[in-house]
Structure formats: structure tokens, C-alpha cells
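What the coordinates show
What follows is each chain in one-letter form.
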Amino acid sequence: MISIALSKGRILDETLPLLEAAGIVASENPDTSRKLIITTSRAGVRLIIVRATDVPTYVQYGAADLGIAGSDILVEHGGIGLYQPLDLKIARCRLMVAVRKGFDYERAVRQGARLRVATKYLQAAREHFAAKGVHVDLIKLYGSMELAPLTGLADAIVDLVSTGNTLKANALVAAEEIAQISARLIVNQAAYKLKRSAVQPLLDALTRAVK
Ligand code: AMP
């Protein structure tokens, strides 16, 4: 049996058509079903539905053989025990620094002031500002990061931006791009070796579907 870990939401909407193109059709729509384990049209392949941030953990420990996770989540996880053989080129967005409209980010950074940055993406933010030599106090948030600069909790946020509508609606502007983000196929390293005969055809089918 091969288990593929997926999360609900944005990635799932674009993942299901890709899986279908690779010959894996879910027996129920994971978005509407309450089931957490879903069989597929492909014998010996099932989907397990977990939180986006838990996808790499399930695959790392071998509770799932494969998974689909955003590169933002993989940076935070660290990628231990995982192969990342395929960029699925879906759920694309950008990880950005954003500030209140009118806040002079360039000046604040140039002056070497300690910047307060609120984010869910501590690892990516830490690496980004360290590489720039900017001192930051990072504040961990779990959601609604856009509120932080508006309420004085932070000077800046690090968050995913897709259309830019959320920033605009909250009088924020993008100040800097940290990374281009897309969903990646991840594979448990042991499963890749020990279940090669089952895993490789799935990898090949997904590679063709991406193309
Ligand atoms: P947008 O208004 O289209 O720029 O989307 C921004 C909001 O959607 C923010 O709250 C982001 O955290 C979230 N978001 C954007 N793209 C993604 C993605 N690929 N995966 C998960 N969340 C996203």
C-alpha cells in the first residue's frame, strides 16, 4: 500500500486534477468528505488528509510514503528524511515581507534598527534577515498576520502573497520578495528505496502530468 499525504484547501484544489492526470482518482472529494483516509481508483494507493504543516512530518516518519507540500512548509520543516524529486508547479505564490502603507522599509533596514517582524514562517524569515544582516525580533503568529502591523504588534510581516488582494484590503504593501513558492512532491527516503517498484511508476506518472 502506498499512502499519499495531502492537505485540504488551496493545494488540494490544484492537486486533485494533477493526480487524476496521473491516473489516481479519489473515491470521494477530500474537501467535502469527513474521512481522513480516502481510497483511489489506483489499486494499492490511498490518500491521507492532514494539516498542511503536518504533511512533511507524516512523510518523514514513513506514516505516508509520498506527500504534497508547499515549499514554504518544507523550509520550516527542514526536509529531514525527505526527498523532493518534483516541483509540481501548482499553488504558486510568493513569500514576501510586507509593511503598512507609508512605512519606509528601506530606511528602517538601512538604519540598522531592530525590526519587529510577525510571521508563521520563522525559519524562512530568520534566514532571509540574517543573510541581509538585518537585526529582527521575530514574533510567531499562526494566522491573520496582516493585523500585526495595523495594531502595532510588528513593523513588518512575512507572509504568502498570491494576488495581493489581502495586502491591499488591509492597507499593506509588499516590501521585498523572499522566495517563489510552489507545491513539491516529497518522498520518504526509506520508502523510495524499499518500495521502489510501487513508488517509481507514481513518480513517472506525476512527472508526465506536470509536463
Ligand atoms: P492573496 O490575497 O491572493 O494575495 O492571498 C493572500 C492570503 O492567502 C494570505 O493570507 C496568504 O497566507 C494566503 N495564501 C496565498 N497563497 C497561498 C498558498 N499558495 N498556500 C497557502 N496560503 C496562501
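Structural notes, computed from the coordinates.

**As for the overall build of the protein**
- Tallying secondary structure elements over the protein gives 9 helices and 11 strands in all.
- Summarising its shape, the C-alpha atoms of the protein cover approximately 60 × 30 × 30 Å along the three principal directions.
- Counting across all 211 residues of the protein, residues that qualify as buried make up 44%.
- Taking the intrachain contacts of the protein between residues at least 6 apart in sequence as the baseline, contacts between residues at least 24 apart amount to 66%.
- Counting only carbon and sulfur atoms, one obtains 50% of the accessible surface of the protein, whose full area is about 10,800 Å².

**With respect to the nonpolar core**
- By size, the foremost hydrophobic cluster in this structure holds 30 residues, and its most contacted members are Y105, L115, V117, A118, F129, I157 and V158.
- Broken down by secondary-structure element, the contributors of at least two residues to this core are strand 6 (93–100), helix 4 (105–110), strand 7 (115–119), helix 5 (122–132), strand 8 (136–140), strand 9 (156–161) and strand 10 (172–181).
- Ranked by size, the runner-up nonpolar core spans 28 residues in total, among them I2, A22, I24 and L86.

**With respect to the site of the ligand**
- The immediate surroundings of the ligand are formed by R10, A91, C93, E146, D159, L160, V161, S162, T163, G164, N165 and T166.
- With respect to the ligand, the side chain of D159 contributes an N or O atom lying 3.1 Å from an oxygen atom.
- Take T166: an N or O atom from its side chain is 2.5 Å from an oxygen atom of the ligand.
- Looking at the shell around the ligand, the elements that each hand over two or more residues are strand 9 and helix 7 (165–169).
- Per element, the largest residue contribution to the shell around the ligand is 3 residues, and it comes from strand 9.

**Focus: helix 1 (residues 10–21)**
- Residues I11, L12, T15, L16, L18 and L19 constitute the buried set of helix 1.
- Where helix 1 is buried, its residues touch strand 1 (2–6), strand 3 (45–49), strand 4 (66–70), strand 11 (183–188) and helix 9 (196–210).
- Two residues or fewer after helix 1 comes G23, characterised by a positive phi angle close to 85°.

Conventions adopted
- Residues numbered from 1 in each chain as written.
- Predicted model: local features only at pLDDT ≥ 70, side-chain atom pairs only at ≥ 80, totals over all residues.
- Heavy atoms only, no water.
- Helix = DSSP H or I, 4+ residues; strand = E, 2+ residues; numbered from the N terminus.
- Buried < 20%, exposed > 50% of the residue type's maximum accessible area, 1.4 Å probe, protein only.
- Contact = heavy atoms within 4.5 Å.
- Areas by Shrake-Rupley, 256 points an atom, 1.4 Å probe, with all protein chains shown as cover.
- Core = buried A, V, L, I, M, F, W, Y, C linked by side-chain atoms within 4.5 Å.
- Near = heavy atom within 4 Å.
- Polar contact = N/O pair within 3.5 Å; in protein donor to acceptor, adjacent residues only side chain to side chain.

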